[in-house]
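Architecture at a glance
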Amino acid sequence: MRRAARSRTGGLLAVAALFVAMVSAPGSGTHPFDRLRRGVEHDVVIRGGTVYDGSGAAPVSADVAIDGDRIAAVGDLSADRGRLEVDARGMAVTPGFVNMLSHSFESLLQDGRGQSDVRQGVTLEVFGEISMGPWNDGMRRDWEMQVRHPVPWSTLGEYFEHVERSGIAPNVASFVSAGVVRNHVIGLADREAAPEELEQMQALVRQSMEEGAVGLTCAMIYPPCSYVRTGELVELARAVAERDGLVALHLRSEGVRLLEGVDEILHVARAAGARAEIYHLKALGESNWDKFDRAIAAIEAARAQGLAVTADVYPYTAGWTGLDASMPGWVQEGGLREWIRRLRDPAVRERLEREMSTPGDWDNWLLAAGSPERVLLVGFQADSLQQLTGKTLAEVAALRGTSPEETAMDLVVKDGSRVMAVYFVMSEENVRRAVGLPWVSFGSDEGAVAPESPFLSRNPHPRAYGTFARLLGRYVRDEGVVPLAEAVRRLTSLPAENLRLRDRGRLEAGMFADVVVFDPAAIADHATYEAPHRYATGVVHVFVNGVQVLRDGEHTGAKPGRVVRGPGWSG
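Residues numbered from 1 in each chain as written. Predicted model: local features only at pLDDT ≥ 70, side-chain atom pairs only at ≥ 80, totals over all residues. Heavy atoms only, no water.

A few words now on the overall build of the protein. Regarding its fold elements, the protein presents 19 helices and 21 strands. Relative to a compact globule of 571 residues, whose C-alpha radius of gyration would be 25 Å, the protein shows 26 Å and is just as compact. C-alpha extents for the protein along the principal axes are approximately 110 × 50 × 45 Å. Surface accessibility of the protein: about 22000 Å² in total, with carbon and sulfur atoms responsible for 51%. (Helix = DSSP H or I, 4+ residues; strand = E, 2+ residues; numbered from the N terminus. Rg over C-alpha atoms; globule rule 2.2 N^0.38 Å. Areas by Shrake-Rupley, 256 points an atom, 1.4 Å probe, with all protein chains shown as cover.)

Time to look at the sheet that holds strand S8 (residues 171-174). Pairing within the open sheet is parallel, and its three strands lie in the order S6-S7-S8. Strands at the two margins of the open sheet, each flanked by one partner only, are strand S6 (97-102) and S8. Across the sheet, the mean angle separating the axes of adjacent strands is 25° when strand polarity is ignored. Bridging between strand S7 (residues 122-127) and S8 involves four bridges; their strand directions are parallel. Within S8, the position partnered with Glu125 by the bridge is Val172. (Pairing = 2+ DSSP bridges. Axes fitted to C-alpha atoms, helices over the stretch in contact; angles between N-to-C directions.)

Here we take up the side chain of Ser427. Turning to its location among the elements, Ser427 is positioned in the loop between strand S16 (420-424) and helix H16 (428-435). With near-sequence residues (within four places) excluded, Ser427 lies in contact with Trp289 and Thr317. (Contact = heavy atoms within 4.5 Å.)

Further remarks concern the packing of aromatic side chains. A full pass over the atoms with the stated rule returns 10 aromatic pairs. Here the aromatic rings of Phe127 and Tyr159 are separated by 6.2 Å at their centres, their planes lie at 65°, and the arrangement is edge-to-face. Here Phe127 is found in strand S7, whereas its partner Tyr159 is found in helix H5 (residues 156-166), with 32 residues between them in sequence. Each member of the pair, Phe127 as well as Tyr159, is classed as buried. Members of the aromatic cluster, connected to one another through ring pairs, are Phe105, Phe127, Trp135, Trp143, Trp153 and Tyr159. Lying over the aromatic face of Trp330, Arg351 brings its terminal NZ or CZ to 3.7 Å of the ring centre. Sitting over the face of the ring of Tyr316, Arg470 holds its NZ or CZ atom 4.5 Å from the ring centroid. (Phe/Tyr/Trp six-rings, centres within 6.5 Å; stacked < 30°, edge-to-face > 60°. Buried < 20%, exposed > 50% of the residue type's maximum accessible area, 1.4 Å probe, protein only. Lys NZ or Arg CZ within 6 Å of the ring centre and 35° of its normal.)

A few words now on the layout of surface pockets. One number sums up the size of the second largest pocket: a volume of about 510 Å³. What lines the second largest pocket is a set of 24 residues, and nearest its centre among them are Met220, Ile221, Ser226, Arg252 and Trp362. Ranked by residue count, the leading element in the lining of the second largest pocket is helix H9 (residues 258-272), at three residues. Taken together, the residues of the lining of the second largest pocket break down into 11 nonpolar, five polar and eight charged. (1 Å grid on protein atoms, 1.4 Å probe; cavity = no way out; pocket = protein on both sides within 12 Å on 5 of 7 lines; lining within 4 Å. Points joined across faces, edges and corners; volume = space filled by probe spheres on them. Nonpolar A, V, L, I, M, F, W, Y, C, P; charged D, E, K, R; others polar.)

The structure is reproduced here in C-alpha cells:
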C-alpha cells in the first residue's frame, strides 16, 4: 500500500512538474498549454496580424511579443498583455527588410533617422560597392573635401563606432571595398599590383573582416575598382572566404560584355572558394537586352553545380550614376582632379567626343540610353548649376549650343564632380524577370534620405524612396510576379543568410526584434523621376531592436540602430 501511494504521489508530482514546465517555458506561444498561462507581461505585443515569418511559408494569424531587443513569442498570446499594445488586424507582420545594397553611409551621418527607407520597412542598411575604410591620410582628406566636414575615422572599424555613436534608426552593416584597399596601397594608377602590394591589400581586407565587414565588394565598372585585375580579385576574395564572407560585385560590364562579366564573377567565386553576390543584375541598353536570359542561365547552371551565387536588383528601368559612366576609363585615371585636367585639353576632348559617340568595347551609358533625351541630370554641387536639375542632357546641350558629349565634359569641369544622372537603359520585361527569380534579393542602390535639408540640393533616383514599397505594391500585389510570402523571404531571411547574420531575418522567438507592420492592400511608392522626394505609404509600424521607430506611419525620432557585424568579427 505504501509503495502504491508513493508511486501515485510520484506520478502526480511528475505530471505537475511537466505542467509547470510547459506553461512557464518561453517559446513560440503555439503550444496548447500556452492558453492556460496568466499574467505574462511583455514590453510590446503586436496583436492579430497576419504573420509572415520570413521563411517563405504560408502566413498565420498570430500575435507577436517583444521583450527588450528580442522577440519573446509568436502565437496565441491572448492571455498575455503588453506595456505597449499594437493593433495589427488586417496587416502583414514581417521581419524587418534588408537593403542589400545601400549607399546611406553618409546620409545616415547627416540624418540618422533614415527616413526614406525606414518608412518602407527597412531595418538593416548594407553598405556596398565602396566602403568607409580602411583609408590612409590622403584618402581621408579627399573625403573631407567631398563631404565638407571633418572625418574622424580611418579604419572600417572606427567608422562603425562613429556611425553607431552618432545615432541611427536602422541597423547597418558593411562590406570592405577592393577599390578602397587598392587606393590605400597603390593609389589611383591603372596598373597591376606587385606581389608585396597584393599582400598589403589582403592584410587590410583581413583586418576589416575582423572589424566586422560582411565580405568583399567591388564596383568593377568604376575607377579604381575597374583597375582591379581578375587575379587580384581572386586573391582578395580568398582572404574573405577564410572567414565565410560574401563577395558582392558590380559586373565589369552590364552591356556589351555582359556575359563575359557574369563569367568573371563565377570564375572569381570558384577560384577563391567564395560565395558571390551580383549587384543590381541587369542588361544595359536595348541592343543587349536579349542577353539577359543567357546571363541568368549561366548563373543558374553554376548554382546547379553547387556554386553559391546570388544577386540583387532594384525594380526600375532606369539606372542612376554619374556622367563618368558615359566616358571611357582612361580619361578618369588618377582620380577626379586628373580627369578634370584632361577634360580641359582640346586634344583629349576631341578624342573623347569621338569615343563617347561611337560604340566600343566598354559600357557607354549615353549610348545605352539611346539618346541624350533619355539622360536626366539630377545632381550638381555648384550653386550656379542647380537650375539645370531635372533637365535632360539634350535640353542642356540645346541651351548651351554644344553637342551632348561636349556638354557632359563641360558640366563635369564646371561642377567639379561626376554630375549625377538618371539613364533610362533597361527593359520592363527584364525587370519583371529578375524580380521573379528565387535567388534574388533587393537593394535601393541609394541613400536613406528625406524631403528636407540637406537632401534637397539634388534629385535622387526614385528608388531611394520607393524600392521596397514598389516591389510589394506593384510587382507583388498588382502584377502577381511573386507571392507575398516569397517576396518577404527575399527581403529578410535570404539576405540575412547570405550575409551570415546571426539572429536576424526571421520572425520567431529569440531573434532580434526587427519587425514591420504594413498594409498589403495599400503599400505603394509615390516617388517619380520628375518628383523623387516623396515618401512611400502603407508601412504603419516599424521596430528596430525592439524599439519603435515608426508609429502610425510617422517616424518617432528613435535611433536604436546598431552595427551588425559579419562572420569574421573578432569582438
